[in-house]
Amino acid sequence: MEKLNWQLLAKKSLEGEIISKEEAHSILNCEDDSLLLLLDAAFSVRKKYFGKKVKLNFLMNAKSGLCPEDCSYCSQSKDSEAKINKYPFLSEKEVLAAAKNAVDSKAKRFCMVNSGRGPTDREIEEVASAIKKVKNIYPELEICVCLGLLKEHHAEQLKNAGVHAYNHNLNTSEDFYSEICSTHTFKDRVETVERVKHAGLSSCSGSLFGMGEKDEDIIELAFSLRKIGVDSIPINFLMAIPGTLLQGKNELTPQKCLKILCLFRLINPQSEIRIAGGREHHLRWLQPLGLYAANSIFIGDYLTTKGQKIEADIGMIRDLGFEIEGHENLENSLKGQNQVLEEFSVRLK
Ligand code: SF4
């Protein structure tokens, strides 16, 4: 494949031009020795729209397991035998405690996730009531909810309750979708994202890689999200949890993950690109490099897997010379940072 000038590609992206499929393939197949140049190009685009800010998002699994769907990657699906906690929607007190944790951790966005195909009327009422209370105490906190396939009137109810964004991931390409799920379709998912936009909610829809998809599927998804025009794109890397149908799959490398992040930045220049589940496991020591393409991360734990310590994330952002969105004066507000630095020094001795 012909060698590309990555900065010319960044220029194209900044000028609003769509990169070609051939160029997209070149990004995913960039030689590892040229990866820093590719990241530099992605950073030019990231810097134009997001500067050096990193948005922190705090995730809460508000209803876990017991899902009738068969998404093969998911530990909460009906076909999963993964050992996870299963519980119905948590109490308002627990939701408020999690929101406080989000604020204390400097998160700008609080993401509340319910397992399931889609919410019932009653679930929407429960969620809306909890959200109103959270917004009453933390008016600045952005609320995102993820409740599955959504009906138009439910989207409006959520917006009226103070919800800012709705997450519904497309996960993979239309062609590959039937390989990972048979109980709903790619089209079902697209319709929900379109309903979210129609209701005036901010759209959050992303991806999951490492499930056996081809480069073509990765590229198709990046273009689909551009076509829909989603505001934020979480990029998940598969954690093949024992007991799930995809258990044992581990086909990503840290370099491939970085190339995927660059691809999504160059195809979706103005969308928030968030490094999501699997960050620690798949990017490993290259995690900081991911922030040259992405401008957002989840902090704390994921839905059913552990994340790294929040202090380690804050330390990573500070060492990069980047800033936490909404907490630009980081030096004055670093809690627990000394403890992390001490842990590093102990390891180095
Ligand atoms: S619909 Fe959501 S919770 Fe249910 S199996 Fe699929 S990803 Fe998991």
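Here we summarise the structure given alongside this text. (Residues numbered from 1 in each chain as written. Predicted model: local features only at pLDDT ≥ 70, side-chain atom pairs only at ≥ 80, totals over all residues.)

**What about the nonpolar core?**
- Phe110, Val145, Tyr166, Leu261, Cys262, Leu263 and Leu266 are the most contacted members of the largest nonpolar core, which totals 100 residues.
- The leading source of residues in this core is helix H10 (residues 254–267), at nine residues. (Core = buried A, V, L, I, M, F, W, Y, C linked by C-beta atoms within 7 Å. Buried ≥ 20, exposed ≤ 12 C-beta atoms within 10 Å, placed from the backbone. Helix = DSSP H or I, 4+ residues; strand = E, 2+ residues; numbered from the N terminus.)

**A closer look at the environment of Phe50**
- Among the secondary structure elements, Phe50 is positioned in helix H3 (residues 35–50).
- According to the C-beta neighbour criterion, Phe50 is buried, with 20 such atoms within 10 Å.
- Taking the C-alpha atoms as reference, Phe50 lies 9.5 Å from Ala294; in sequence the two are 244 residues apart.

**Side note on the pairing of strand E1 (residues 53–63)**
- Where burial is concerned, most of E1 is hidden: nine out of the 11 residues are buried.
- By the bridge criterion, two bridges tie E1 to strand E10 (residues 323–324) in an arrangement that is parallel. In the strand pairing of E10, Lys53 is matched with Glu323.
- Sheet topology places E1 next to strand E9 (residues 296–299); four bridges connect them, and they run parallel. Residue pairing in the sheet places Phe58 in a bridge with Ile299 of E9.
- Pairing of E1 with strand E2 (residues 109–114) involves six bridges; the strand directions are parallel. Bridge assignment links Lys63 to a residue of E2, and that residue is Asn114.
- In this view, the connection linking E1 to its parallel neighbour E2 by way of helix H4 (residues 92–104) has right-handed handedness. (Pairing = 2+ DSSP bridges. Right-handed = clockwise from strand over helix to strand, strands pointing away.)

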